[in-house]
Amino acid sequence: MDRHVVAGIDLSPESRAAAHWASREALRRGAALRLVHAWQLHPRPAANVPMGMTERSWARQILSEASDSVRAAHPGLQIVDQQVKDSPAAALLAAAEDAELVVLGSRGLSGATGFLLGSVSAKVVARSPRPVVLVREGESAAGEHFSPLAGVSPDEIPETPYRDVVLGLDTGQPCDELIEFAFETARRCGAALRVIHTFTVPPGYAVADRVAPPPGPELLAEREHAVVATLRPWCEKFPEVAVTETVVEGRAAAELPRAASGAALVVVGRRIRDSRLGVHTGPVAHAVLHHARCPVAVVPHA
């Protein structure tokens, strides 16, 4: 298999939602879908294994049911099932090596907040060499689009406009991988791209020999110019993508989840670095994952 999207499969309904989200993304990319389910042999069968079944056969059934569900929804999609005897995190990280994207299901903290990252999803998000998308239970094709106009049948929902893609942008350290992922996603979906940049006024900020205007508006104008300059080559590369820029005073960890309300996807970065404390997602990605209501893409970058 050359180009493909990976989806992690287990028994959870959020895993099923992730598989269907991944299938739609694979179709948008013109790629195949690989469904990965990991299982481990225990001295005694796990409590969730039905009587009369081995752990291997139960794993096979879980994967087959998920695969059948996706095939029924997307009969033209190339799907490959992969059953791996390994820990889930290790299996998914190995599968990510040659994938374009990894999609995982994650339980919502509540109906109005973000994701509850278990140990598997946390490890994959923090270590994957490829972008990882987290999807909650209940995400559907209809939810990716704006509500249809009155009189439009549910069958026509995919023809209604795709909800916005939201990108958090740091102009101090702009990352090509992150920006390109957001633009490419918006282009494939025919969606608008909303770029959010936040800043805080440094203590003692002032302009020499000036009393007015106050430093806040002047600094805002500087940041707005930096955002436009950073995005200019990308807007030229993707002229079909409608882009709006929002520059706001505040913390990215607070403003991005708020901006993601009503979006189809919010895109954040994760810097690839190891420390004595181990790998981690970073404070902004961590905050967005715990508070965003829509799917979240975490893009690793140098």
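Residues numbered from 1 in each chain as written. Predicted model: local features only at pLDDT ≥ 70, side-chain atom pairs only at ≥ 80, totals over all residues. Heavy atoms only, no water.

## Concerning the packing of aromatic side chains
Selection rule: Stacked, edge-to-face and tilted labels apply to pairs of Phe, Tyr and Trp rings (six-membered ring for Trp) whose centres lie within 6.5 Å, assigned for plane angles under 30 degrees, over 60, and everything in between, in that order. Criterion for a charge above a ring: Lys NZ or Arg CZ within 6 Å of the ring centre, and within 35 degrees of the ring normal.
Applying the stated criterion across every chain yields a total of two aromatic pairs. Directly above the ring of tryptophan 21 sits arginine 28, whose terminal nitrogen or CZ lies 5.8 Å from the centroid.

## Considering the confidence of the model for the chain
Definition in use: pLDDT measures the predictor's confidence residue by residue and takes values from 0 up to 100. Throughout, a contact is declared for two residues whenever any of their heavy atoms are within 4.5 Å.
Averaged over all residues, the pLDDT of the chain is 86; the fraction at 70 or higher stands at 83%. Low pLDDT, under 50, characterises residues 208-213; the predicted model gives this stretch two contacts beyond four residues in sequence or across chains.

## Describing the sheet that holds strand S3 (residues 79-85)
Strand pairs in the sheet, formed through backbone hydrogen bonds, run parallel or antiparallel to each other. Filter applied, for reference: For two strands to count as paired, DSSP must find a minimum of two bridges between them. Working definition: helices are DSSP H or I runs of at least four residues, strands are E runs of at least two. Numbering for both runs from the N terminus. Fitted lines through C-alpha atoms give the axes, limited to the stretch in contact for helices. The angle between two N-to-C directions lies from 0 to 180 degrees.
Here we have ten strands laid out as an open sheet, ordered S3-S2-S1-S4-S7-S12-S11-S8-S9-S10, and mixed in their pairing. A strand with exactly one partner marks an edge of an open sheet, and here the two such strands are S3 and strand S10 (243-249). Neighbour-to-neighbour, the strand axes of the sheet open up by a mean angle of 25°, direction not taken into account. Sheet analysis places strand S9 (residues 193-199) next to S10, joined by seven bridges and oriented parallel. Residue pairing in the sheet places phenylalanine 199 in a bridge with glutamate 249 of S10. Against the sheet, helix H1 (residues 13-29) contacts strand S1 (4-8), strand S2 (32-39), strand S4 (101-105), strand S7 (132-135) and strand S11 (265-271), and its axis sits at roughly 155° relative to S4.

## Looking at the pattern of salt bridges
A side chain of one charge can pair with a side chain of the opposite charge if their charged atoms are brought near each other. The criterion, for reference: The rule for a salt bridge is simple: a side-chain nitrogen of Lys or Arg has to be within 4 Å of a carboxyl oxygen of Asp or Glu. Think of it in three bands: residues with accessible area under 20% of the maximum for their type are buried, residues over 50% are exposed, and the middle band is partly exposed, with areas taken using a 1.4 Å probe on protein chains only.
On inspection of all chains with the given rule, the structure shows 15 salt bridges. Arginine 29 is the salt-bridge partner of glutamate 25, the closest N and O atoms lying 2.7 Å from each other. Remark: arginine 29 and glutamate 25 occur in helix H1; sequence separation between them is four residues, near one turn of the helix. For aspartate 81, the salt bridge identified is with arginine 71, shortest N-O distance 3.9 Å. Residue aspartate 81 is located in strand S3, and its partner arginine 71 is located in helix H2 (residues 55-73); the two are separated by ten residues in the primary sequence. Accessibility expressed as a relative area gives 34% for arginine 71, which makes it partly exposed. Salt bridges linked by common partners bring Arg3, Arg24, Glu25, Arg28, Arg29, Glu100, Glu144, Glu184, Arg187 and Arg188 together as one network.

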